[in-house]
Amino acid sequence: MNAFGAFWQILPSDLRDRLQNDSKRGQLLEVILDLGRLPEARYLGEFGGKYLRSTEVSVEELEYAQSAVGEFGGDNRAGIEGTLHRISAIRSRKGAIVGLTCRVGRAVSGHIDMVYDLLHYGKSILFVGRPGVGKTTVMREIARVLSDEFQKRVVIVDTSNEIGGDGDIPHSAIGTARRMQVPEPSLQHKVMIEAVENHMPEVIIVDEIGTEAEAHACRSIAERGVMLIGTAHGEWLENIIKNPILSDLIGGVDTVTLGDEEARARRCQKSILERKAPPTFYFLIEMRERHYWVTHKTEKSVDTLLRGKTPLVEVLLFSSTCFFFFFFFGGRGKKKSSTRVISFHFL
């Protein structure tokens, strides 16, 4: 049974037959099964969803899917062994499953080309972006390239088995990278430190950095000279700066009071915001869309933003049928006069 076949098996038979014959099944992103509502399919690149039938999801159908998936973890996530699919549960106050988000996991190639040159620097990279923009997919491919092509010792801290797939044997999509599973989401920071102390990695990959303990673990790892590849939720660099928990990833922010002469010299107020320390991540990439990324040199961009100015960034656009664009601009892309094309790479 192929990986998609395993995904079909958790769905009610009528939905399975309909989706298998759907011309857009290659773009299927997830199937939503909520008790008492119509089942819904969502597709890559499309807004909203598509109802799959006119009858509502029943308790029996949710119970069937749950039995096919097996046990859910403490974060209400589960996987299908040997695949990259993720099943997430919504529970009632009494603990019963009343909804399932069945997300299709794919090993997609080509995204790495957008950051391939950055990997040669050996510097830590943080990816930010809204859920569903493809951050985990990029982590998976970076793990493969760094372990197989760059011959690095790569360890993935895989909290929900999303990067390496479910089961004790990781999916081939991560190459020869090693994978450490995390028994509980709250223990992710401890497993990150354990990975460094016990397994001598040159690169650590971690998905969904979201707590203060994980941010501190990232700094500790970076200070030991280990390259970090990580993700965090937030669409813009500004979101990380303003987040009191995650701001340590970009150096932290502190309020500084200037003297009268210094304030006059800078032509600013006496109380200003400044970066406290070197950033944990040398580069920060905003994944605006799956094929539209904005790259920051974290230290320079943070300092520029805290001064109330617009940073210089690199924009990467990708088309599978055309080429890459690399260009710098001084704003949000609204002023075409400030755009300067650097180079084109034809596929």
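Above this note sits the structure.
Notes on the structure follow. Each chain carries its own residue numbering, running from 1 in the direction its sequence is written. In view of the model being predicted, local features appear only for residues whose pLDDT reaches at least 70, and side-chain atom pairs are presented and counted only at 80 or more, with totals across whole chains, interfaces and linings using the full set of residues. Neither water nor hydrogens contribute to the side-chain values; these are computed over all heavy atoms in the structure.

## Some thoughts on the environment of G164
1) Next: Considering the arrangement of structural elements, one finds G164 in the loop between β8 (154-158) and β9 (178-181).
2) Next: Along the sequence, G164 and T83 sit 81 residues apart, while their C-alpha atoms lie 8.5 Å from each other.
3) Next: The residues touching G164, leaving out its near neighbours within four places in the chain, are L84, D158, P170, H171, I174 and R179. By the criteria applied, helices consist of DSSP H or I runs no shorter than four residues and strands consist of E runs no shorter than two, each listed in order from the N terminus. Should any heavy atoms of two residues lie within 4.5 Å, those residues are considered in contact.

## Describing the environment of S67
1) Next: Relative to the helices and strands, S67 is located in helix α3 (residues 59-69).
2) Next: When the C-alpha positions of S67 and I10 are compared, they lie 8.4 Å apart, and in sequence the two are 57 residues distant.

## Considerations on the pattern of salt bridges
1) Next: Salt-bridge detection follows one rule: a side-chain nitrogen of Lys or Arg within 4 Å of a carboxyl oxygen of Asp or Glu. Per the stated rule, a full pass over the model turns up 20 salt bridges.
2) Next: Of the charged contacts in the structure, one is a salt bridge between R103 and E30, with a shortest N-O distance of 3.2 Å. Of the two residues, R103 is situated in strand β6 (residues 97-103) and E30 in strand β1 (residues 28-34); the sequence distance between them amounts to 73 residues.
3) Next: Relative accessibility under 20% of the residue-type maximum defines a buried residue, over 50% an exposed one, and the middle range a partly exposed one, all with a 1.4 Å probe and only protein chains included. For R103, a relative accessible area of 21% corresponds to the partly exposed category.

## Here we look at the nonpolar core
1) Next: Grouped together as the largest cluster of nonpolar side chains are 32 residues, with contacts concentrated most on L126, V157, I204, I209, I221 and L249.
2) Next: Looking at this core, the elements that each hand over two or more residues are β7 (125-129), β8, α6 (188-199), β10 (203-206), α7 (212-223), β11 (227-233), α8 (237-242) and α10 (298-306).
3) Next: Per-element tally for this core: the top contributor is α6, with five residues.
4) Next: Ignoring any residue separated from it by four or fewer positions in sequence, one finds I209 in contact with L126, Q188, E214, A215, C218, G230, T231, A232, L246, L249 and F281.
5) Next: What makes a nonpolar core is a set of buried Ala, Val, Leu, Ile, Met, Phe, Trp, Tyr and Cys residues whose side-chain atoms join them at distances within 4.5 Å. Residues I125, M139, A143 and W293 belong to the second largest nonpolar core, which totals 30 residues.

## Some points on the packing of aromatic side chains
1) Next: A pair of Phe, Tyr and Trp rings is counted when the ring centres sit within 6.5 Å of each other, with Trp represented by its six-membered ring. The angle between the planes then sorts it: under 30 degrees is stacked, over 60 is edge-to-face, the rest tilted. Scanning the entire structure with this criterion turns up five aromatic pairs.
2) Next: Consider the rings of F127 and W293, whose centres lie 5.9 Å apart with planes at 80°: the pair is edge-to-face. With a gap of 166 residues between them, F127 in strand β7 and W293 in strand β15 (residues 292-297) connect regions that are remote in the sequence.
3) Next: Judged by its relative accessible area of 0%, W293 is buried.
4) Next: Between Y282 and F283, the ring centres sit 4.8 Å apart and the planes meet at 80°, which makes this aromatic pair edge-to-face.
5) Next: Linked through ring pairs, Y121, Y282 and F283 together constitute an aromatic cluster.
6) Next: Here K24 stacks its cationic end above the ring of Y43, 4.3 Å away from the centre of that ring.
7) Next: When the ring centre of Y282 is taken as origin, the NZ or CZ atom of K123, which lies over that ring, is 5.2 Å away. Definition used: whenever NZ (Lys) or CZ (Arg) falls within 6 Å of the ring centre and also within 35 degrees of the ring normal, the charge is taken to sit over that ring.

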